[in-house]
Amino acid sequence: MPGRPRSRRRPRPRRPRPRALAAALGLALLLAAAPGCGSEESAPSHSPAEAPREAAAQAAPAGSPYWVDPESDAARQVAAWEAQGRNSEAQLLRRISERPMALWGPGDDPGPAIRRAAKGARAAGRVLVLAAYNIPHRDCGRHSAGGATSATAYRNWIGAFADAVGDARAVVVLEPDAVPHIVDGCTPAAHHEERLRLLSEAVTRLKKNRNTKVYLDAGNPAWIPDPMKLVEPLYKAGLDRADGFSLNVSNFQPETAGRAYGARISGAAHGKHFVIDTSRNGEGPLPGGGHETWCNPPGRALGVAPTDRTGDPLVDAYLWIKRPGESDGPCRGGPAAGRWWPDYALGLAARAKE
């Protein structure tokens, strides 16, 4: 699946000015294609503008308990465009910058970025949303290839990740694509046993944090047509100790399809709950199918804004796990996986239904 590198050192600029107009823009965005590739953010993504360090001052939107990162690439882009007088584009991009999105723990050292975010979330009284994406042999050598170099390196990485979260209230989406890539055969059989053991150990380690919820990734409805094939490997990966599973990470399937698909997994998994990524499913998947429909497809839109008010007892939250505006990979003119792509972000925001 499309991935997203992330390990960035950010400057300390002034924060984008809040605008009353943002509230008037009706930030309740609507819903967002086939199997994708992972979802990582460990490559540097240097935006043209700098964002502020006053994390606690960034208010979360109504109806969302989640923390908004004032240092996101979208926030920096808003500040840059405002400085250039591109106010209408900056205003559109606020549909992304003023929403909570998952922070993907950097693959080298996740500690500094997560500690910064955890501090901001605590100060704001909000829940931090995170993604852990560093499993060895990640993404089968495709756009988001990489990950920890060994089982030992991964154990150390996930330990540093969990330590950085500490007692902050957090939701962690654990290793997008890792289990589905076992089921579809993309990950060689020789790595299956180790991967499932590492995932299970990661669940155990993360759950030692008293305020951390963990959701193991289970792909999307267009990827593994028979969801029953996921149940056994999810349990081997620690689903019994996790809070549930995640669906549609970095993908474009409508939340109606996700709810139905998730309900089938839940029915076979003792009623486990799930979360759905709605970051880019506002127009659904790219019509026609075909190769790499998940990779920077044109004409897509932001989906339902992050919230824990889903109206479905099995769906704990709609989340923006994929950070809208970060590339899925070097396809359709995009930059490397995880790199900020302002033009694509602007398109997602402009097509969002209010």
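Scroll up to find the structure.
Parameters at a glance
Residues numbered from 1 in each chain as written. Predicted model: local features only at pLDDT ≥ 70, side-chain atom pairs only at ≥ 80, totals over all residues. Heavy atoms only, no water. Buried < 20%, exposed > 50% of the residue type's maximum accessible area, 1.4 Å probe, protein only. Helix = DSSP H or I, 4+ residues; strand = E, 2+ residues; numbered from the N terminus. Contact = heavy atoms within 4.5 Å. 1 Å grid on protein atoms, 1.4 Å probe; cavity = no way out; pocket = protein on both sides within 12 Å on 5 of 7 lines; lining within 4 Å. Points joined across faces, edges and corners; volume = space filled by probe spheres on them. Nonpolar A, V, L, I, M, F, W, Y, C, P; charged D, E, K, R; others polar. Disulfide = S-S within 2.5 Å. Salt bridge = Lys/Arg side-chain N within 4 Å of Asp/Glu carboxyl O.

Asker: Account for helix H10 (residues 342-350), with residues named and values stated.
Answerer: Along H10, the positions that sit buried rather than exposed are Tyr344, Ala345, Leu346, Gly347, Leu348 and Ala349. Here the buried face of H10 lies against helix H2 (73-83) and helix H3 (87-97).

Asker: For empty space enclosed by the protein, give the residues involved together with the corresponding values.
Answerer: The space that makes up the largest cavity amounts to roughly 30 Å³. Forming the walls of the largest cavity are Ser72, Asp73, Ala74, Met101, Arg323, Pro324, Glu326 and Trp340. Grouping the amino acids of the lining of the largest cavity by side-chain chemistry returns four nonpolar, one polar and three charged.

Asker: So what's going on with the state of the cysteines? Which residues, and what values?
Answerer: Enumeration according to the criterion identifies two disulfides in this entry. Between Cys140 and Cys186 runs a disulfide, and the two sulfur atoms are separated by 2.0 Å. Taken as a pair, Cys140 in the loop between strand S2 (128-132) and helix H5 (151-165) and Cys186 in the loop between helix H6 (178-183) and helix H7 (192-207) lie far apart in primary sequence, 46 residues in all. Judged by its relative accessible area of 25%, Cys140 falls in the partly exposed class. Residue Cys186 is classed as partly exposed on the basis of its relative accessible area of 23%. A sulfur-sulfur separation of 1.8 Å characterises the disulfide bridge that pairs Cys295 with Cys331. Its torsion about the S-S bond being -90 degrees, the disulfide of Cys295 and Cys331 is classed as left-handed. Taken together, the residues span a long stretch of sequence, with Cys295 in the loop between strand S6 (273-277) and strand S7 (315-319) and Cys331 in the loop between S7 and H10 at a distance of 36 residues. Each of the two residues, Cys295 as well as Cys331, counts as buried.

Asker: Requested: an account of the pattern of salt bridges, with residues and values cited.
Answerer: Pairing is possible between side chains that carry opposite charge, provided their charged atoms lie close to one another. Throughout the structure, instances matching the rule amount to 19 salt bridges. A salt bridge links Glu71 to Arg76; its shortest N-O distance comes to 3.5 Å. Across this residue pair, the class does not change: Glu71 and Arg76 are buried. Between Lys353 and Glu283 there is a salt bridge, and its shortest N-O distance comes to 2.5 Å.

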